[in-house]
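Each chain, letter by letter, is given below.
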2 protein chains.
Amino acid sequence: MPKLVDHEKRKKQIAEATWRVILERGMEGATVRNIAKEAGLSLGALRHYFSAQDELLVYAMELVKEQAEARIKRVAAENLPPKEMMLKILLEIVPTTKETMAEMEVWFAFTAHARHKKDVFDASHDGIFTAIARLIHYLDEMKLFKKELDKDVETEKLYAIIDGLALHAMLEPSRVDRNRIIHILTSHIHSICKEEQENSGVGHL
Amino acid sequence: MPKLVDHEKRKKQIAEATWRVILERGMEGATVRNIAKEAGLSLGALRHYFSAQDELLVYAMELVKEQAEARIKRVAAENLPPKEMMLKILLEIVPTTKETMAEMEVWFAFTAHARHKKDVFDASHDGIFTAIARLIHYLDEMKLFKKELDKDVETEKLYAIIDGLALHAMLEPSRVDRNRIIHILTSHIHSICKEEQENSGVGHL
DNA sequence: AATTTTATAATACAGTTGTATTACAAAAAG
DNA sequence: CTTTTTGTAATACAACTGTATTATAAAATT
């Protein structure tokens, strides 16, 4: 297959191969040779799409971010009741499935790596803080947010809970499993919302 | 200076040099040569104290852990009022000073690295969960813990808040600064404790 | 004083790294 | 059919990696 290649598609395939390598062997194993092998390409072929390693890593990292953002936007567009929507969005961030687990692992490895390559990478701003601030704001607009609480403090707290839980789900997946995460998050959402009369028999949120 | 060397002291010095290298250049820069240079030793000299690189890394990692544990135990022994003690201990975990900031950075790099070297490293269990569980339990024993709350849930939540805040303090130090951390933690401790009559003019916790 | 032990240093070695160069074949363009 | 472009592959190279070996000198031991 020599001349007609969809460059964007190929680059995504290579990025996905990069994720797989990082998942299995960490950032240390994310060498151009290992990635090329995982993608089923030669060194020269790989270099035809990414002329430098950092370029590839930046691309692979941004793709993780875009992927997660897309998933979250999809859920946000579902038009669920506020509290259910909130839980569902948060469950797209905290890893509870193989897919999001892998995402977290790759994000973690990338972030640690990128810390000392500031000239090349951006990192730090993954947009989750903004997303959570918006969720809290939305809750407040819907008159569900407890009026005695501070929005700013609760945003920072929820942000910390989300990333803390995500970290712990990654490091201790057997203790911090999906059910436990749902339980904690449900409980927390409940704790920042006004108590309401049950008027629909749908959820047990 | 040829024959009398305190081995333990030298090993600690090398471990500290390792931390400095990791701080400045990340895990990628933590080569035996860089560490030897930072410690002011030759390759051969370094190898006289650590016969393999992994041995050195394990030692340096455990020393970080021990150092943090010692700091926390020191605070725990201070015999402060429960809520003040809690805050002070939590502030030894969440990085708010140069020292604890560096500790967090090194822990982060180590943990990401160790994930894919399970045969050599342990990681994961840093004892913070247990410490927090004990703090919550102590609060309950002192009749300060709100009876309508679930101890297990609040332990997991506080644990997530601590590590989440720690992560954010490292990644966004200007936004998540010391004052903000104190504010968030104070507010949280307050939220899980019964409301009390002020009977001492000491603190504003 | 002679010998052993200990600390350090210099050098060597095989393997891996990112990147560059070169060669070659398949398809498109003329 | 020839020429150019594009994708792939093989190979080369200098730098760096962890570890091993060897040499040397200073102190302790005898």
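Just so you know, these numbers come straight off a predicted model, no measurement behind them.

1. Some remarks on the overall build of chain A
Along the backbone of chain A there are 9 helices and 0 strands. Counted from the first residue to the last, chain A has its helices and strands arranged as α-α-α-α-α-α-α-α-α. In terms of overall dimensions, chain A has C-alpha extents of about 65 × 35 × 30 Å along its principal axes. With 205 residues in all, chain A has 47% of them scored as buried. Pairs at least 24 apart in sequence give 68% of the contacts found in chain A among residues at least 6 apart. Each charge class in chain A was averaged separately, 30 positive and 33 negative side chains, and the resulting centres sit 4 Å apart.

2. A look at empty space enclosed by the protein
Counted under the stated rule, the structure contains 1 cavity of 30 Å³ or more. Taken as a whole, the largest cavity spans an internal volume of roughly 30 Å³. What lines the largest cavity is simply His168(A), Leu171(A), Glu172(A), Trp107(B), Ser124(B), Asp126(B), Tyr159(B) and Asp163(B). The set of elements that each furnish at least two residues to the lining of the largest cavity consists of helix 8 (151–171) of chain A together with helix 8 (151–171) of chain B. For the lining of the largest cavity, the residue count by class is 3 nonpolar, 2 polar and 3 charged.

3. Re the UniProt feature "domain: HTH tetR-type" (unreviewed entry) in chain A
UniProt's feature table lists "domain: HTH tetR-type" (unreviewed entry) at residues 8–68 of chain A, given in the numbering used throughout. Along residues 8–68 of chain A the backbone is 80% helical and 0% strand, and the end-to-end C-alpha distance reaches 19 Å.

4. So, the interface of chain A and chain B
Taken residue by residue, the interface counts 41 residues in chain A and 41 residues in chain B. In this assembly, chain A packs against chain B so that about 3600 Å² is buried in total across both faces, 61% of it on carbon and sulfur atoms. Elements with a contribution of two residues or more to the side of chain A that touches chain B: helix 1 (7–25), helix 6 (98–114), helix 8 and helix 9 (178–192) of chain A. Top element by residues in the side of chain A that touches chain B is helix 8 of chain A. It accounts for 14 residues. Among the residues forming the side of chain A that touches chain B, the class breakdown is 16 nonpolar, 12 polar and 13 charged.

5. Let's talk about the relation of the copies chain A and chain B
Taken as rigid bodies, chain A and chain B are interconverted by a rotation of 180° and an axial shift of 0.0 Å, the fit giving an RMSD of 0.0 Å. The symmetry that links the two subunits is that of a two-fold axis. Identified as the residue of chain A closest to the rotation axis by C-alpha distance is Gly164(A), at 1.9 Å.

6. Regarding the packing of aromatic side chains
To describe a pair of aromatic rings, one takes the distance between the centres and the angle between the planes. Taken as a whole and judged by the stated rule, the model has 5 aromatic pairs over all chains. Taking the ring centre of Phe129(B) as reference, the NZ or CZ of Arg175(A) above it sits at 3.8 Å.

7. Concerning the packing of helix 4 (residues 53–76) of chain A against helix 5 (residues 82–93) of chain A
All names here are of chain A. Look at helix 4 against helix 5: their axes get within 9 Å of each other, and the N-to-C directions meet at 170°. Classified by the angle their axes make, helix 4 and helix 5 are roughly antiparallel. For the pair formed by helix 4 and helix 5, the contact residues are Arg71, Ile72, Val75 and Ala76 on the first element and Met85, Lys88, Ile89, Glu92 and Ile93 on the second. The class makeup of the residues in the contact of helix 4 with helix 5 is 6 nonpolar, no polar and 3 charged.

8. A word on the domain arrangement of chain A
Residues and elements named next belong to chain A. You can read the domains of chain A as domain 1 (1–51) and domain 2 (62–192). For domain 1 and domain 2, the distance between their C-alpha centres works out to 29 Å. Residue-level contacts link 6 residues of domain 1 with 9 residues of domain 2. For the pairing of domain 1 and domain 2, the buried interface totals around 750 Å² over both sides, and the portion due to carbon and sulfur atoms is 90%. Scanning the region where domain 1 abuts domain 2 turns up 0 salt bridges. At the junction of domain 1 and domain 2, the tally comes to 0 residue pairs in polar contact (both at pLDDT 80 or more). Classifying every residue of the side of domain 1 that touches domain 2 gives 5 nonpolar, no polar and 1 charged.

9. So, a negative patch on the surface
Together, Glu62(A), Glu66(A), Glu69(A) and Asp122(A) line one region of the surface with negative charge. With respect to the helices and strands, Glu66(A) occurs in helix 4.

10. Considerations on the side chain of Glu103(A)
Residue and element names in this part refer to chain A. Mapped onto the elements of the fold, Glu103 is located in helix 6. Its relative accessible area of 11% is what places Glu103 among the buried residues. With residues near it in sequence (within four places) discarded, Glu103 still touches Val64, Gln67, Ala68 and Arg71.

11. With respect to the pattern of salt bridges
By the definition in use, this model includes 24 salt bridges over all chains. Between Lys88(B) and Glu78(B) there is a salt bridge, and its shortest N-O distance comes to 2.9 Å. Taken as a pair, Lys88(B) in helix 5 (residues 82–93) and Glu78(B) in the loop between helix 4 (53–76) and helix 5 lie far apart in primary sequence, 10 residues in all. With a relative accessible area of 35%, Lys88(B) lands in the partly exposed category. The shortest N-O distance in the salt bridge between Glu172(B) and Arg175(B) comes to 3.2 Å. For Arg175(B), a relative accessible area of 22% translates into the label partly exposed. Several salt bridges converge on common partners, so that one network encompasses Asp152(A), Glu156(A), Glu172(B), Arg175(B) and Arg180(B).

12. Some details on unusual backbone geometry
Residues and elements named next belong to chain A. Of note, the phi angle at Asn79 is positive, near 60°, even though the residue is not glycine. For Asn79, the location among the structural elements is in the loop between helix 4 and helix 5. Assessed through its relative accessible area of 70%, Asn79 is described here as exposed.

What counts as what
- Counting restarts for each chain: residues are numbered from 1 in the order of the written sequence.
- For this description, chains carry letters from A and ligands carry numbers from 1, given in the order in which they are written.
- Since the coordinates come from a predicted model, pLDDT governs what is reported: local features require at least 70, and pairs of side-chain atoms require 80 or more to be given and counted, while whole-chain, interface and lining totals use all residues.
- Just so you know, side-chain values use all the structure's heavy atoms and leave hydrogens and water out.
- For the purposes of this entry, the term helix denotes a DSSP run of H or I that reaches at least four residues, the term strand denotes a run of E that reaches at least two, and both are numbered from the N terminus.
- Relative accessible area decides the class of each residue, using a 1.4 Å probe on protein chains only: under 20% of the type maximum gives buried, over 50% gives exposed, and in between gives partly exposed.
- The contact criterion used is simple: two residues touch if any of their non-hydrogen atoms lie within 4.5 Å.
- Here the positive residues are Lys and Arg and the negative ones are Asp and Glu; neither His nor the chain ends is included.
- Charge coordinates come from a single atom per side chain, which is NZ of Lys, CZ of Arg, CG of Asp or CD of Glu.
- With a 1 Å grid laid over protein atoms only, a set of points is called a cavity when a 1.4 Å probe fits there but cannot get out and a pocket when it is open yet has protein on both sides within 12 Å along at least five of seven lines; lining residues have an atom within 4 Å of a point.
- Grid points are joined across faces, edges and corners, and a volume is the space filled by probe spheres set on the points.
- Under this grouping Gly is polar, as are all residues other than the nonpolar Ala, Val, Leu, Ile, Met, Phe, Trp, Tyr, Cys and Pro and the charged Asp, Glu, Lys and Arg.
- UniProt positions are given in the numbering used here, feature names are shortened, and annotations may be inferred rather than shown by experiment.
- Computed with a 1.4 Å rolling probe, the buried area is the accessible surface lost when two parts are put together, summed over both parts.
- We superpose the copies by least squares over the C-alpha atoms of residues that have a pLDDT of at least 70 in both of them.
- Each Phe, Tyr or Trp ring, with Trp reduced to its six-membered ring, pairs with another whose centre is within 6.5 Å; inter-plane angles below 30 degrees give stacked pairs, above 60 give edge-to-face pairs, and intermediate values give tilted ones.
- When the NZ atom of lysine or the CZ atom of arginine is within 6 Å of a ring's centre and also within 35 degrees of its normal, the charge is said to sit over that ring.
- As a rule, the C-alpha atoms of each element are fitted with a line to give its axis, helices using only the stretch in contact, and angles between N-to-C directions run from 0 to 180 degrees.
- An angle below 35 degrees is read as roughly parallel, one above 145 as roughly antiparallel, one from 65 to 115 as roughly perpendicular, and any other as oblique.
- Segment limits for the domains were obtained from an automatic or database-derived domain assignment.
- Take a side-chain nitrogen of Lys or Arg and a carboxyl oxygen of Asp or Glu: if they are within 4 Å of each other, that pair is a salt bridge.
- Under the rule applied, a polar contact is a pair of N or O atoms within 3.5 Å (in protein, one hydrogen donor and one hydrogen acceptor; residues adjacent in sequence only if both atoms are side-chain atoms).
- What goes into a patch is any residue over 30% in relative accessible area without a salt bridge, connected to like charges within 9 Å or, for nonpolar side chains (Val, Leu, Ile, Met, Phe, Trp, Tyr), within 5 Å.
- Areas reported here follow the Shrake-Rupley algorithm with a probe of radius 1.4 Å; residue values treat only the protein chains shown as occluding.

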